[in-house]
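Geometric and topological summary
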Amino acid sequence: MTGRRIRAKVRRSHLYTFACHRSHPPQEDGSQDTQGPGYSRIVCCNQPHVHTQKPNKYCTNYISTTKYNILTFLPKAIFEQFRRVANLYFLLAAVLSLTPVSPFGPLSMIAPLAFVVGLSMAKEALEDWRRFIQDMKVNLRKAGVHKQDGVFGLKPWMKLCVGDIVKVEKDQFFPADLLLLSSSYEDGICYVETMNLDGETNLKVKRALETTLPLDSDPTFREFSATIRCEDPNPSLYTFVGKFEYNGKVYPLDPSQILLRDSKLRNTAYVYGVVIFTGHDSKVMQNATKSPSKRSRIEKQMDKIIYILFNILVFISIISSAGFLVKTKHDLPKWWYLQVPDSKGLFDPGKPLKSGFYHLITALMLYGYLIPISLYVSIEIVKVLQALFINQDIHMYDDETGTPAQARTSNLNEELGQVDTILSDKTGTLTCNQMDFLKCSIAGTAYGTRASDVELAAAKQMVMDLDGQGQSGMGEKSGHDFVDSEIQLETVVTSKDDDDLKPSIKGFSFEDDRLMNGNWLKEPDKDDILLFFRILGVCHTAIPEQNEETGTFTYEAESPDEGAFLVAAREFGFEFCKRTQSSVFVRERYPLFQEPTEREYKVLNLLDFTSKRKRMSVIIRDENDQILLLCKGADSIIFDRLHSDGKMYEEATTKHLNEYGEAGLRTLALAYKKLDEAEYSAWNEEFMKAKTSFGADREANLERVSDMMERDLILVGATAVEDKLQNGVPQCIDKLAQAGLKIWVLTGDKMETAINIGFACSLLRQGMKQICIALKNDELVQDNKKAKEDILMQITKATEMITEEKDPHAAFALIIDGKTLTYALEDDMKHQFLNLAVHCASVICCRVSPRQKALVTRLVKEGTGKITLAIGDGANDVGMIQEADIGVGISGCEGMQAVMASDFAIAEFQFLERLLVVHGHWCYKRIAQMICYFFYKNIAFGLTIFYFEVFAGFSGQSVYDDWYMLLFNVVLTSLPVISLGVFEQDVDSEVCLQFPALYQQGPKNLFFDWPRIFGWMGNGFYTSLIIFFLNIIIYYDQAFRAGGQTADMTAVGTAMMTCVIWAVNCQIALTMCHFTWIQHFLILGSIATWYLFLLIYGEMHYALQVNAYRVLREVLAPAPIYWSSTILVTVVCNIPYLVHISFQRSFNPLDHHVIQEIKYYNKHIEDGRMWRRERSKAREKTKIGFTARVEAKIRQVRGKLQRKYSVMSSSSSVAQQT
């Protein structure tokens, strides 16, 4: 196609009235102000070499979302590792191990530290390498670039420079921010999808300057040269100021000529553009933030515990040092056989303070087992394995795209179980942008028998309630039949079998024989029905595209609603088939349904839809030369514009609209108006004046003139479409709401669209009080002070309204737009805004920029102090994904920017339910229990060393062999605790989903709060006392061998270590709720490994040097007291915990305890009613979600039933009396 011009049949730009008008005429003097700070960028078109050197050198088009690079990896990664307090302590200990004061060899301190830090850094490097690979996939995409002499060739995106001429073809992404020069359409327009930027899927129209339209083929760029002077890089997606200097003239530029990076070319064969902003200067990257280093709350709290343990360590070291100082000064001179002072000066009675200081350093290292160095590496291993299980979860695998879930970082696994607020993008995350025409109201008559998802759920729930609870309110079987019949009247449930027999039509789920197959011609109001169908087929801005193979039409519409209306019109027999510059053609099956007739409607004017107008109108001339205004819009807007004679169906239509709203459907009202020639001509003259004018008041004049025409309308009816969300979205939101999570929607979409989506996914429902915070007066936008005062007043009034509300079922929804949010996020107002938002059941922020998304996320995170999760699928979501405590990217959509910036990636929003409610719940409890157990076992082991120090004259001598101490954390107790962190389940995954309130154990931090932490530390302290003193009492002067020998230090130390191994391994067995052969094998294997080690170690030559030769085989094993003391100490150590959990399960059980009991006794199978009752209890009270909407519907239906039943009862009693 190179060098050839595609002539578009329609200049679709002619249809747009408000936003897209012709650019300003050239300014010879360049009067537009683009000088000074903020407007210094100069782009030499078709001369990229100019921008490779100063002063006009700009950044490359290479992008990076990684945390590290080759130069920064070592310093940043080392800093990350030594932000951990324990690692910092062991670094100091490793340095001191090189000195004579160390009780251990240097290798025993340096090797574990190097292993732990190296493993963690390797994991960080691997995760960042994956980010780098994904970045390079984007950087190496190819784009067509002008080389020289009118020849274009492919070049990687990363090699593009400012000033390059780029050719982008249909369905390709724009590689940088471009100025549109020309397109395949003769009037220089193109259609752009900006879903990755602002979340909107409807196509945007961009228009080239008229002066560059001749640049329509490759050779025309041979001699092309121009200069652009424009604003500096900034994050504003919706503004652009600049001027284009070409052929001695200056042309002003505005956003309608700018093609932003990561948006996509649609329905246009190709465009040419010049690169203005590259790489991190592009607007989408300006909205991104640097990849943050995220740490979980549990890890931060773990640092505080280590501070406490470090203080304990220092405290007991000072006690030990003080004791040693006293012994050195008073007792060492008497002990002449010790030959003091020694050669190193560590034991010098003449310098007791110096000796005491040296002993303090020794003690700090000796008691270091209180601080577990292996904790961090164990957690790293556990988190990697947890991430592996997340990646391998078949229930989070998307068959359609072949995409599994992906834990892109394992640092935040436990955070998934503590989320309080979810901040979600809308388009591509919640919706799949498909509307289905479901019902309609025409001339006061409701059509459409198919039930919406909300109606079906309400009916099923009511029937379940009636079956489960009986008819306590009705009493008799006749009452039951009456209620069932009423439910069927309230919600018409269509048969699934019937649905399967009918072929599905995308966008059309309507069922009602009265309107189908021409049957509407038999209806009494057929004239109104005819007009209704014609409004559907004519009042729009869509372009038809015919499939050459099938002959059917598809429609490129600005919104999914419009597409659904056209599909509905086609199925009713009014097929929109052609559009020219001035006419719309519709194939109408009227007056005979079997014989379609193509009719032409001349389009005189189009008054386009805007979020402010909330309506669109088209003025047409039909084949009878009658001029008609056809209008569709929000019912509140249309009803206000009805003529007194046009309100015939208003009451009935209003009733139907309310019913449709309760059913979760999106509604629009349809109306018309007949015009005479003189009235239209007078209006059109004024309209054209406003349309062709330029200036600040152009839009206001157009609005005023349009409003004059859209008056005195006649109501025809209303439509109801069902917004098709992504699979499982309503159920997922419902489950997350039942789990107690708050959900905010942050979208770049229009307020009306966002509200409708809110209804569709049950974040909003009929009867919920909507608080819309917006600048209602355009004058306020110009006056910042007045605007802030107005917004603050709205926030204050809304807060007062919520606090004064008495109805327990009352629910509030906060809806705010981007302009208003700009003021609400300022420092002097953001806390009032947040206070209002957290008291609302749902929050929807619309028309927000990517930076505002990040700022809102930061406000929620810092203002509430709770854990936030952000989820999105496009480049416009990167900021909030990185700002949130946890970022989740949707990987099933086009564009991978969100995934590259995320911590976790899933293919669909519905998988978030399992990611949080199952994996999040498990990971939180596993990590929390694992850390608590780690501190327990290290306190139990470490304090026994201190107790022995007291008995050994504070000499610095350990009761345990060095090999015992080295193997304790690395081998003898490491694997069971890892199995706890990887395999532990309080309940299985199905129960997690059935009892979503279990999730609240995480946000409430029930398993890692200070009482529980200190409880475990106290348990460790108790265990250390029992182990040490019971063994000392038993072995102190007891002849425990057959030959009458008493125990030496090696025998006592080995017996104490045996008790430690048994006690801590039995403790972890008591802690676990879920056992597989792996846990049994690892726990018993750890104990067996200890005995195996003693057997092997006792036979080694080294054992002779430390007096441990055959310590098990010949010394301990033959002595019954060794085995009996082991059993005694183990039982006594674990009795308090056993008593605690028995008491808790019996008198104060947690939710999962109750469920475990039910499952253990099979009550969930034998007693279904009890299981359902417990399930209903295990839901957090919520006012959003599908369940809340169904319950509201049930309350409404029951109210009606009770009123009807009371009327029937009173009637029957009157009849009996008569």
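Rules and cut-offs
Residues numbered from 1 in each chain as written. Predicted model: local features only at pLDDT ≥ 70, side-chain atom pairs only at ≥ 80, totals over all residues. Heavy atoms only, no water. UniProt positions renumbered as here; feature names shortened; annotations may be inferred. Helix = DSSP H or I, 4+ residues; strand = E, 2+ residues; numbered from the N terminus. Contact = heavy atoms within 4.5 Å. 1 Å grid on protein atoms, 1.4 Å probe; cavity = no way out; pocket = protein on both sides within 12 Å on 5 of 7 lines; lining within 4 Å. Points joined across faces, edges and corners; volume = space filled by probe spheres on them. Nonpolar A, V, L, I, M, F, W, Y, C, P; charged D, E, K, R; others polar. Patch = residues over 30% accessible without salt bridge, like charges linked within 9 Å, V, L, I, M, F, W, Y side chains within 5 Å. Areas by Shrake-Rupley, 256 points an atom, 1.4 Å probe, with all protein chains shown as cover. Salt bridge = Lys/Arg side-chain N within 4 Å of Asp/Glu carboxyl O. Buried < 20%, exposed > 50% of the residue type's maximum accessible area, 1.4 Å probe, protein only. Polar contact = N/O pair within 3.5 Å; in protein donor to acceptor, adjacent residues only side chain to side chain. Pairing = 2+ DSSP bridges. Expected span 1.5 Å × (residues − 1). Phe/Tyr/Trp six-rings, centres within 6.5 Å; stacked < 30°, edge-to-face > 60°. Lys NZ or Arg CZ within 6 Å of the ring centre and 35° of its normal.

Looking at an unreviewed UniProt entry, one finds the protein chain named Phospholipid-transporting ATPase and attributed to Sesamum alatum. On record in UniProt, under Subcellular location (unreviewed entry), the comment for the protein chain is "Membrane". Listed in UniProt under the heading Cofactor (unreviewed entry), the comment for the protein chain reads: "Mg(2+)".

Section: the environment of Leu825
With respect to the secondary-structure elements, Leu825 resides in the loop between α22 (818-824) and α23 (830-838). The sequence separation of Leu825 and Leu859 amounts to 34 residues, and the corresponding C-alpha distance is 8.0 Å.

Side note on the side chain of Ser321
Residue placement: Ser321 occurs in helix α6 (residues 297-331). Other than its neighbours up to four places away in sequence, Ser321 contacts Gly356, Phe357, His359 and Leu360.

Here's the deal with empty space enclosed by the protein
As enumerated under the stated definition, the model contains six cavities of 30 Å³ or more in all. Roughly 150 Å³ of volume is contained in the largest cavity. Around the largest cavity, the lining is made up of 14 residues, and of these Glu80, Arg84, Glu124, Glu299 and Asn411 lie nearest the centre. For the lining of the largest cavity, the secondary structure elements donating two or more residues are α1 (73-81) and α3 (106-139). Among the elements that line the lining of the largest cavity, the one with the most residues is α3, at three residues. Here the residues of the lining of the largest cavity are counted per class, giving no nonpolar, four polar and 10 charged.

Some remarks on a nonpolar patch on the surface
A cluster of nonpolar side chains, Trp963, Leu966, Leu1092, Leu1095, Ile1096, Met1100 and Tyr1102, forms an exposed patch at the surface whose accessible area comes to about 630 Å². Contributing elements (two or more residues each) for the nonpolar patch: α28 (962-972) and α33 (1077-1099). The leading source of residues in the nonpolar patch is α33, at three residues. Its location among the elements puts Tyr1102 in helix α34 (residues 1102-1105). Using a relative accessible area of 30% as the deciding quantity, one classes Tyr1102 as partly exposed.

Remarks on unusual backbone geometry
The step from Tyr590 to Pro591 runs through a cis peptide bond, and the omega angle for that step is 10 degrees. Following the sequence through the fold, Pro591 ends up in the loop between β21 (583-588) and β22 (597-607). Of note in the backbone geometry, Asp712 takes a positive phi value of approximately 55 degrees without being a glycine. Examined against the element boundaries, Asp712 turns out to sit in the loop between α17 (698-709) and β26 (714-725). Unlike most non-glycine residues, Arg1110 shows phi in positive territory, near 45 degrees. Looking at the secondary structure, you find Arg1110 in the loop between α34 and α35 (1111-1116).

What to know about the UniProt feature "binding site: Mg(2+)" (unreviewed entry) in the protein chain
Under the UniProt annotation, the feature "binding site: Mg(2+)" (unreviewed entry) is placed at Asp425, Thr427, Asp873 and Asp877. In this fold, Asp425 is placed in the loop between β15 (419-424) and β16 (431-442). Residue classification places Asp425 among the buried positions, given a relative accessible area of 0%. Setting aside residues no more than four positions away along its own chain, Asp425 makes contact with Leu430, Leu746, Thr747, Lys853, Ile871, Gly872, Asp873, Asn876, Asp877 and Met880. A distance of 3.2 Å separates the side chain of Asp425 from the side chain of Lys853, its partner in a polar contact.

Looking at the sheet that holds strand β31 (residues 867-872)
On the basis of which strands lie adjacent, the open sheet formed by nine strands has the order β14-β33-β32-β31-β15-β27-β30-β29-β28 and mixed pairing. Of all strands in the sheet, those with a lone pairing partner are β14 (406-407) and β28 (769-773), marking the two edges. Note: β14 against strand β33 (residues 904-906), two bridges, orientation antiparallel. Opposite Gln406, over in β33, you have Ala905 as the bridge partner.

Remarks on the pairing of strand β1 (residues 41-45)
In terms of residue burial, β1 counts as a mostly covered element, since four of its five residues are buried. Of the pairings in the sheet, the one linking β1 to strand β8 (residues 226-230) comprises five bridges and is antiparallel in character. Counterpart to Cys44 in the pairing with β8 is Thr227.

A look at helix α27 (residues 911-951)
Spanning 41 residues, α27 covers 59 Å between terminal C-alpha atoms, matching the ideal 60 Å at 1.5 Å per step. Among the 41 residues that make up α27, 39 are buried, leaving the element largely enclosed by the rest of the structure.

Considerations on the packing of aromatic side chains
Inspection of every chain in the model, using the stated rule, returns 49 aromatic pairs. When the ring of Phe221 is compared with that of Phe224, the centres are 5.8 Å apart and the planes differ by 85 degrees; the resulting orientation is edge-to-face. For the residue pair Phe221 and Phe224, the accessibility class agrees, reading buried in each case. Ring centres of Tyr1122 and Trp1123 lie 4.9 Å apart, and the angle between their planes is 70 degrees; on these two criteria the pair is classed as edge-to-face. A relative accessible area of 0% means that Tyr1122 is categorised as buried. Taking the relative accessible area as the measure of exposure, Trp1123 reaches 36% and is therefore partly exposed. Members of the aromatic cluster, connected to one another through ring pairs, are Phe437, Phe508, Phe510, Trp520, Phe532, Phe533, Phe565, Phe572, Phe574 and Tyr590. In this structure, Lys578 packs its charged tip against the face of Phe585, placed 4.9 Å from the ring centre.

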